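Each chain, letter by letter, is given below.
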Amino acid sequence: MESFEPVIVAFCCHYCAYTAADMAGSQRLPYPSNVKIVRVPCSGKVDALHILKAFEKGADGVYVAGCLEGDCHFKNGNDKAARRVDYVKRYLEEIGIESERLMMVRMSAGMGARFAQVATEMTEKIRRLGPSPIKAAAA
Amino acid sequence: MQNTNLSQTSNRVLIVGGGLAGIRAALDLAEAQKDVILVDTAENIGGLMTQLDRTFPTNNCDLCTLAPNLSESGRQEHITLMPMTTLREVTGEQGDFIVTLETAPRYINLERCTGCGECFQAFPECVRFTPGLDHRAPTCMRYPQATPQAFSIDLATCADIEALVKVCPAGAIVPDDIGSKGNVACGAIVLAPGASLFDPSGLDNLGYGELPDVVTSLEYERILSASGPTGGRLLRPSNGQPPKKVAWIQCIGSRGLQKGAAPYCSGACCMFALKEAIVTRERFQEDTETTIFYMDMRTFGKDYELYYQRAKNEFGVRFIHSRPHSILRPEGAENLHLSYTTDDSPVLINEDFDMVVLATGFRIGEEARQLAAVCGIELNDDHFPIHTGLNQVATSRPGIYVAGTFQAPKDIPETMVQASAAACLAGHDVSSPDREQEIPEPLPPERHLVGEEPRVGIFVCDCGENIGGVIDVEALVARVGALPHVTVAQAAGHGCSRESMEHIRATIEQQGINRVVIGGCSPRTHEAKFQDLLRRAGLNKYLLEFANIRDQATWVHSHQPEKATKKAEELIRMALGAVLNAQPLAEHRLPINKNVLVIGGGVSGMTAALELAEQGLKVYLVERNAQLGGLASRIHRTLEGDDVQGFVADLVARTSTHDNIDVITSAIIVDHGGMPGLFKTGMQVGKQLFYRQIEHGITILATGAMPHRPDLFLLGRHEDVKTQLETQQLLEERPELVRDWENVVMIQCVGSRTEDNPNCSRICCQTAVKNALRILEINPEARVFVLYRDMRTYAFQEEYYQQARAKGVIFVRYHQDRPPQVSEVGGKLEVVYQDIILGREVQVSTDCLCLSTGLIAEQDNTEELAMIFKLPRTHDGYFLEDHIKLRPVDLPVPGFFVAGTAHAPKTIAESLVQARAVAARAQTMLASDYISLGAATARVDSKLCAACLICVRACPFGVPFINADGYSEIDPARCHGCGVCASECPAKAIQLMQFEDDRILSKLEQLFEEVEG
């Protein structure tokens, strides 16, 4: 288990979270390379399908990162994303995947440090949880 | 010095100041196809706003709201950006100025600097930043989204220039930069240098500068800011602990009561303090107490009163009507000690606070004064430009305009509106350059890819050491080159340099590449540039994907090169998967109808109509009443003494006789259809109600508001009870009646700031002051009482308020829960009020009771129009703009704009600014001959659509509707491209172009390819 390197997919909205990731970059704030970013125009664009596909393909954790409350460039896409994440979490439990593997986070474009912190915490959490049951079943 | 090399045609506008106002004006002009030079003395544009954390009343993150404007202005082909540049001389006249511009050496080649930060890592002391409570952003540009995205070197502090030059991987450091100076011709000048903030260090009673926990409101903002010195954590500067009690003291350096204070009100500080207090309560521990010490809470903007009420009721911010005299820290104590008295009791209260924030107001600094001197414009006693008549943005010198806080203290929305208005007027002094001859190379036709196998070109930047220093780019290129469908994989060096771009373009053409992946930096900053490149190479610009291997791999995993390499490869593979699913997208366009429909024939509507008609556009001005003029035709003069009647008469005459304006009176709008740029609006005209339809490209709503007449204080029941509007008419038309008056009582906030009508009417305090001064002019013996809740004489109106006090007008504050009582005794009016300071009731027998009833929206009328045009309104019936800060005169439906009191109560001069702003915004849309229906929009597959209405409900902008064929239709002209509908659609009938499901899913598949196999 010690060598377990989780793969984590981070769906990041263009206007806040993706910009925060760029900020983390320009501030050279290290975070685990396990986190892979998929850029979306708005966190509200992230479909339940995308999240489930990530798990199906072998992701050990997924998070959706959108703007702070009330800051969404598209008015309220981030709130819609949060509701969808809650829904998918319940669904994951039903099919036997720990719902902690999925998370909604919010940050502003200036929060490079928060981006790095979230990526680090998520990676640590998933590392503790171990590989996704889907991957374990496939192996 | 080198010569600034710009062609000598005067067909351009010079904008001085790259803050919000300058950027907005530049964008409006550029979008209207006019050339602009934007100069700023700072290293990067952005101005004061980049230092704010959030903005009221939306509490949006400031950088998020400003950043789109910044990057646009760097890109616009009509804008020449000149940072670190000072205006030295202005000669000539309107339409034909010659200006001398001097640019200080930056020692950085902007073309080459990638903003990588290597120079700062190695030589932090030589890289310039803007100081003050360490405002240094972590990247040491002034803020993360800096434009230009480049550093600046302070050569004087550099001991080893050679080593500094070597550290730059892009070779961008130029130690022999000598700056430049040269003359440029321009047709108009917009001055938007902004204002400075009052420096309270001269006031020894406040302890600023000695007590670390006493900070200015801007410094507090920096402490709250994520890019600020504490990384967004609220900590006391003295001991690094979170404060438990924070106090704000308002009007520091404003409203003329202290040493060194200016006489005017700074206008924005009340809202600024409210925002900081709310954010403090919202973001940090609930147990941080917030207290605001104020003189009058001046929340007079649109819906600002609601924000004040929220601060009080929802967030529990404490408000104390008092001015603590001094801030002390007793020997050995940690906390700050304030003594103050309150309205209720004369007893001195002592209270300790952990931090005290001084709400420091705006000042015109030395630099701005010099700028005014160079331009030869006149300033008032407070060093703000004097404007001509009712036109706030025109200076004493024709052809030179002002906008923003340099004109007068103001907040961001008003700054934005003024900037657009200045752009409107400046734009009229120049014509659009003839671009036909200037296009250097016509674009090749786009290649058709039907039936073509994907031939992907992957170009991986090394970005100097930024990428190449961590991973082996050549080895990476070799590996990704072996992937299926990859025709070419190359190392691109600095991919964004001119040479590399040219090489990539040639490679695409020679190798028949039909899809491109760039492995390099962020698409946020460089996607547009490479999209242009693809287009020049004959490819559709949407056949491009970015793998951000710099920001997401080499920069953040630099200590683990193996992991960085693996991740970079994964990111490129993901991009490859996505680009294989990319499809060419067409940006459809239709010819635009350039006619303008203006609804409302008051001063706003007429001004907007005239500005546009003067530009050769055909304007239909529709007025519901039989005559033009609106509410202003009942007003005689302004607080400042301008003759309104003459002004309105002149405006009506010019409007009715203008060749390009078709005035349609007695007309009611009945139907509307079409799309932005191609609208059709029907109306019924005249007594016969005959139907007429107009075709137009844009619509301007200037429908005004109406005087409020609530059934309060015997209004309409006793002839001596009048509204301020009626009083004003009486003063001008029958002054002889006023000569016999002994007492006059005015009551403020009648029917405003109440439960039914919670907003402030904005115009009433100044109207009361105006009428009070006029009464004393006619009858110096009269005693005038003004019963008020907060006197809201913002900006220079404050000086008239002080004048009225000096002349003996009695201002008495009343509490909302103890309003004055009015009764009739023997035919005479008796007013009884509670005097807070005397602590007892006072009875006045009055000859006239003037009620400040303000304005209200005409609910029935705005509701009707809102339904016809599908426009949102505020809860109190005013039209709701698209974005209170960024797009204050644009309505959410593209092609619709709002001006004047249809937006919110405001003065005539303020309405005129908005009318001109609307004219400028309209011209940005009408400058083009076509309307572009963007490509990255949602598309519905009608075969899959079940018309379930989910998209209709999900869309944040209300765009989808079920059409006559029974399926959902999304107008690409109105779609914002968020993709919420696509993700909610249960039938997967909607796809967001550029972010289609298969494109996202193939990224995931590519990512896990290796994990699986």
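Residues numbered from 1 in each chain as written. Chains lettered and ligands numbered in written order. Predicted model: local features only at pLDDT ≥ 70, side-chain atom pairs only at ≥ 80, totals over all residues. Heavy atoms only, no water.

**Some words on the overall build of chain B**
In terms of helices and strands, chain B carries 26 helices and 48 strands. Taking 31 Å as the expected radius of gyration for a compact globule of 1013 residues, we find that chain B reaches 31 Å, a close match to that expectation. Per-residue burial for chain B yields a buried fraction of 60% across its 1013 residues. Taking all contacts inside chain B whose residues are at least 6 apart in sequence as the whole, residues at least 24 apart take part in 71%. Looking at chain B as shown, the accessible area adds up to about 39100 Å², and 49% of this sits on carbon and sulfur atoms. (Helix = DSSP H or I, 4+ residues; strand = E, 2+ residues; numbered from the N terminus. Rg over C-alpha atoms; globule rule 2.2 N^0.38 Å. Buried < 20%, exposed > 50% of the residue type's maximum accessible area, 1.4 Å probe, protein only. Contact = heavy atoms within 4.5 Å. Areas by Shrake-Rupley, 256 points an atom, 1.4 Å probe, with all protein chains shown as cover.)

**Section: helix α17 (residues 644–657) of chain B**
All names here are of chain B. With 14 residues, α17 extends 20 Å between its outermost C-alpha atoms, agreeing within 8% with the 20 Å of an ideal straight helix rising 1.5 Å per residue. Where the residues of α17 are buried, they touch α16 (603–614), β27 (619–622), β28 (661–664) and α23 (908–926). With a side-chain oxygen positioned 3.2 Å from the backbone nitrogen of Q645, the residue opening α17 is D643. (Expected span 1.5 Å × (residues − 1). Polar contact = N/O pair within 3.5 Å; in protein donor to acceptor, adjacent residues only side chain to side chain.)

**Digging into the sheet that holds strand β31 (residues 690–696) of chain B**
Residue and element names in this part refer to chain B. Taken in spatial order, the 3 strands make up an open sheet running β29-β30-β31, and their pairing is antiparallel. A single partner strand is all that each edge strand has here, and the edge strands are β29 (667–675) and β31. The sheet shows a mean angle of 20° between the axes of neighbouring strands, direction not considered. Sheet topology note: the β29/strand β30 (residues 678–685) ladder contains 8 bridges and is antiparallel. Bridge assignment links A667 to a residue of β30, and that residue is V685. (Pairing = 2+ DSSP bridges. Axes fitted to C-alpha atoms, helices over the stretch in contact; angles between N-to-C directions.)

**Examining the environment of I950(B)**
Residues and elements named next belong to chain B. Within the secondary structure, I950 sits in helix α24 (residues 950–954). Note: C-alpha distance between I950 and C981 (31 residues apart in sequence) is 7.7 Å. Setting aside its immediate chain neighbours within four residues, I950 contacts E984 and P986.

**Re the sheet that holds strand β22 (residues 486–493) of chain B**
Residues and elements named next belong to chain B. With respect to topology, 4 strands assemble into an open sheet ordered β22-β21-β23-β24, the strand pairing being parallel. The outermost strands of the open sheet, each flanked by one partner alone, are β22 and β24 (544–547). The sheet shows a mean angle of 15° between the axes of neighbouring strands, direction not considered. Pairing geometry for strand β21 (residues 456–461) and strand β23 (residues 515–519), over 5 bridges, is parallel. Opposite I458, over in β23, you have V517 as the bridge partner.

**What about the packing of aromatic side chains?**
Residues and elements named next belong to chain B. Following the criterion strictly, the structure yields 17 aromatic pairs over all chains and no others. Aromatic pair F293 and Y340: ring centres 4.8 Å apart, planes at 65°, arrangement edge-to-face. Here F293, found in strand β13 (residues 289–294), pairs with Y340, found in strand β16 (residues 336–340); they are 47 residues apart in sequence, far enough to count as distant. Look at Y340 and you get buried, because its relative accessible area is 5%. (Phe/Tyr/Trp six-rings, centres within 6.5 Å; stacked < 30°, edge-to-face > 60°.)

**A word on the UniProt feature "domain: F420-non-reducing hydrogenase iron-sulfur subunit D" (unreviewed entry) in chain A**
Per the UniProt record, "domain: F420-non-reducing hydrogenase iron-sulfur subunit D" (unreviewed entry) is found at residues 8–130 of chain A. Across residues 8–130 of chain A, the secondary structure splits into 46% helix and 19% strand, with the terminal C-alpha atoms separated by 12 Å. (UniProt positions renumbered as here; feature names shortened; annotations may be inferred.)

**Brief notes about α16(B)**
Residues and elements named next belong to chain B. Taking 1.5 Å per residue as the helical rise, α16 with its 12 residues ought to reach 16 Å, and the 16 Å between its terminal C-alpha atoms agrees with that figure. Where burial is concerned, most of α16 is hidden: 11 out of the 12 residues are buried. Buried within α16 are the following residues: V603, S604, G605, M606, T607, A608, A609, L610, E611, L612 and A613.

**Notes on the environment of I868(B)**
Here I868(B) lies in helix α22 (residues 859–869). For the pair I868(B) and V670(B), spaced 198 residues apart in the sequence, the C-alpha separation amounts to 7.2 Å.

**Description of the interface of chain A and chain B**
Facing 54 residues of chain A, the contacting portion of chain B comprises 53 residues. Between chain A and chain B the total buried area reaches about 4700 Å² when both faces are included, carbon and sulfur atoms providing 62% of it. On the chain A side of the contact with chain B, R28(A), K45(A) and K57(A) bury the most area, a combined 15% of that side's loss. Put simply, chain A and chain B have 7 salt bridges between them. (Buried area = accessible area lost by both parts, 1.4 Å probe. Salt bridge = Lys/Arg side-chain N within 4 Å of Asp/Glu carboxyl O.)

**Some details on the nonpolar core**
Ranked by size, the top nonpolar core spans 91 residues in total, and within it V9(A), F11(A), I51(A) and I549(B) carry the most contacts. With 8 residues, helix α15 (residues 561–580) of chain B is the largest single contributor of residues to this core. Beyond its immediate stretch of four places on either side in the chain, V9(A) contacts K36(A), V38(A), A54(A), A59(A), G61(A), V62(A), Y63(A), L1004(B), L1007(B) and F1008(B). Counting 69 residues, the second-largest nonpolar core is a separate cluster that includes I79(B), A423(B), A426(B) and A922(B). (Core = buried A, V, L, I, M, F, W, Y, C linked by side-chain atoms within 4.5 Å.)

**Considerations on the side chain of H708(B)**
Note on placement: H708(B) falls in the loop between β33 (706–707) and β34 (721–723). Setting aside residues no more than four positions away along its own chain, H708(B) makes contact with T723(B), V750(B), G751(B), N757(B), T853(B), G854(B), L855(B) and I856(B).

**Re the pattern of salt bridges**
Throughout the structure, instances matching the rule amount to 59 salt bridges over all chains. Between D47(A) and K988(B) there is a salt bridge; the shortest N-O distance is 2.6 Å. On the criterion of chain membership, the pair formed by D47(A) in the loop between β2 (35–40) and α2 (48–57) and K988(B) in the loop between α25 (980–984) and β48 (990–992) is interchain, its members lying in two chains. The exposure class assigned to D47(A) is buried, which follows from its relative accessible area of 4%. Take K988(B): its relative accessible area is 23%, and that puts it in the partly exposed class. Its salt-bridge partner being R734(B), residue E736(B) comes within 3.3 Å of it at the nearest N-O pair. For E736(B), a relative accessible area of 39% puts it in the partly exposed group. Look at the salt bridges and you will find they share partners, linking R24(B), D28(B), D882(B), R887(B), D890(B) and R921(B) into a network.

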